[in-house]
Amino acid sequence: MTIGEKIAKFRVERGISQEQLAELTEVSRQSVSKWEKGRALPQLDKLSKLCELFGVSADEFLSEKPPLADKGEVQKNKYFGTDGFRGEAGVGLTSMHAYQVGRFLGWYFSQRGVAGKRGERARIVIGKDTRLSSYMLEYAVAAGITSSGADAHMLHVTTTPSVSYVTRVDGFDCGIMITASHNPFCDNGIKVINRHGEKLDDETTALIEAYLDGDLGALGVSGKDLPLADGERIGRIIDHVAGRNRYVGYLISLASHSYKHLRVGLDCANGAAWSIAGAVFRALGAEITVVGDEPNGLNINRACGSTHIDRLCRLVKEKKLDVGFAFDGDCDRCLAVDENGNVVDGDGILYLLARRLKARDMLKGDTVVDTVMSNSGLDMALASCGIKCEHTAVGDRFVWERMQEKDYSLGGEASGHIILKKYATTGDGLLTAIMVAEELCDTKRTLSVLTAGLELYPQLTKNLRVKDKDAVMGDAGVKAALSEVEALIGGKGRALLRKSGTEPLIRIMIESESEEACAAYADRIARAIEEGGHTLG
């Protein structure tokens, strides 16, 4: 593989456009194009910069061998993606899978000892969303945990950020959230959270995968299975709803205002926030109108929540509300609606919160962490306020890792994952909503006024269900179509092609001067994918 081919591979895998790479390496887009086509080689200082950007060694670039696995992404696993073990309930993710995950975690943390202290019973806390299958998977996980000799503490229906909070504050060895986030009810997932409230590390995830595949040798265990607890060593299942209540109290404590003059619309997506969101804003004094708060196991995310925000937009306009907040199925995302019924996405929320923190001298390094999917308009708007942006691969995990690495205060995604490091270790939809409401109260301005300085480029994301995501990314015809579109866009936008970390999807994202151009360019790349025989259905 040539140096140019490696540059193209690393760039596409990380979702970076030629225009962005040119800016990062301080060359023209034409130079990047020449590198990738083998018409020129980067100078030594540029090669060093490329190594730094892509996280690879100079040897990997100069060797004729294929490049090593992408270090900017989570290692490719059989079961766990960027956001846990996810699949169609009863098909790709079964109760047996859940039991085995519980078996491993109960055994693993019993071996390590509670928070590193041997001789004490391991404790694992479990939450779930409102899907029909969440109850099945919750009990299967709990059975696995207790049969390995650890205690399972049940939060019942609650949000992902609440599991993160309770795991960290109440000193659990790990937390488990049964959810498929924004996916439809037929899907489900298992998110595992470490004792610091963060997503589980790759090394431990690899051990779970080894156990799921029956590779006990990788765990250093002889025999056909992990040992079962017996007698007094069998674990207990313990109600821990008090932990969820403490989380609600924590959220309420973060507000410094009464919201008695604030009219708020909430869309809980018929998901995990259905009983919590209203309770929080009601306790803060807001006049609330709530939709998406009638879960039946089948209607989570169905025509509601952050993935179907039109309903909330209409509600805010019809009821003449001051603001609306829409959450996803597990409430780790939040999108807002201004008083005119216009959507304020994650980029808009980052803009508002970045300016809020900077004004209070709380924005570390005057920097916000976002992803390559964030709109270019956010960079420009924040730059005019003296705020820099650092871009990561798509996924709140990568945002958090960058925030941890450089001690930044704020990060997030356009999809509504917003992380405020002072208060949480993960995206939290309710925390985000409270901080936006605080800014409305502090400034006595409307949301439309507070985000008026942000001008976003027209942007379109097209999702295609495919047979093999890696095959699409490596298809020469698809790469050629992407390069053609990038050339047509020039410096007036960008084109990104990336793999979903949780679904069999390829996402095409286009930014350009008009919505019509975005649609035309996205269709051009989609045709190349279809003509390559990659699409499903």
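Scroll up to find the structure this text is about.
Bear in mind that the values here come from a model prediction, so they are computed numbers and not experimental data.

1. Looking at the overall build of the chain
Here is step 1: For the chain, the helix and strand inventory stands at 20 helices and 19 strands.
Here is step 2: Scaling as 2.2 N^0.38, a compact globule of 537 residues should have a C-alpha radius of gyration of about 24 Å, and the chain matches this with 24 Å.
Here is step 3: Each of the three principal axes of the chain carries a C-alpha extent, and together these read 70 × 65 × 45 Å.
Here is step 4: Taken across its 537 residues, the chain has 57% of its residues classed as buried.
Here is step 5: In the chain, of all internal contacts separated by at least 6 residues, the share reaching a separation of at least 24 is 70%.

2. A word on the nonpolar core
The tendency in soluble globular proteins is for nonpolar side chains to be buried side by side.
Here is step 1: Among the nonpolar cores identified, the biggest contains 66 residues, and Tyr259, Phe281, Phe325, Phe327 and Leu410 are the most heavily contacted of them.
Here is step 2: In terms of residue count, helix H16 (residues 429–443) provides more of this core than any other element does, 9 residues in total.
Here is step 3: The next biggest cluster of nonpolar side chains, apart from the first, holds 35 residues, and it includes Leu93, Phe109, Ile190 and Leu216.

3. Brief notes about the sheet that holds strand E10 (residues 323–327)
Here is step 1: Within the open sheet, the 5 strands sit side by side as E9-E8-E10-E11-E12. Their pairing is mixed. Since the sheet does not close on itself, it has two edges, and those belong to strand E9 (287–291) and strand E12 (343–344), each with one partner.
Here is step 2: Inspection of the sheet shows strand E8 (residues 263–267) paired to E9 by 5 bridges, in the parallel sense. Note on E9: the bridge partner recorded for Arg263 is Glu287.
Here is step 3: Relative to the sheet, helix H13 (residues 346–359) contacts strand E11 (334–337) and E12, its axis offset from that of E11 by approximately 85°.
Here is step 4: Across the sheet, H16 touches E10 and E11, and the angle it forms with E10 is around 165°.

4. Describing unusual backbone geometry
Here is step 1: Although it is not a glycine, Asp361 adopts a positive phi angle of roughly 55°.
Here is step 2: With respect to the element layout, Asp361 can be found in the loop between H13 and strand E13 (367–371).
Here is step 3: Residue classification places Asp361 among the exposed positions, given a relative accessible area of 73%.
Here is step 4: Of note in this structure, Asp366 is not a glycine but carries a positive phi near 45°.

The rules behind these values
Residues numbered from 1 in each chain as written. Predicted model: local features only at pLDDT ≥ 70, side-chain atom pairs only at ≥ 80, totals over all residues. Heavy atoms only, no water. Helix = DSSP H or I, 4+ residues; strand = E, 2+ residues; numbered from the N terminus. Rg over C-alpha atoms; globule rule 2.2 N^0.38 Å. Buried < 20%, exposed > 50% of the residue type's maximum accessible area, 1.4 Å probe, protein only. Contact = heavy atoms within 4.5 Å. Core = buried A, V, L, I, M, F, W, Y, C linked by side-chain atoms within 4.5 Å. Pairing = 2+ DSSP bridges. Axes fitted to C-alpha atoms, helices over the stretch in contact; angles between N-to-C directions.

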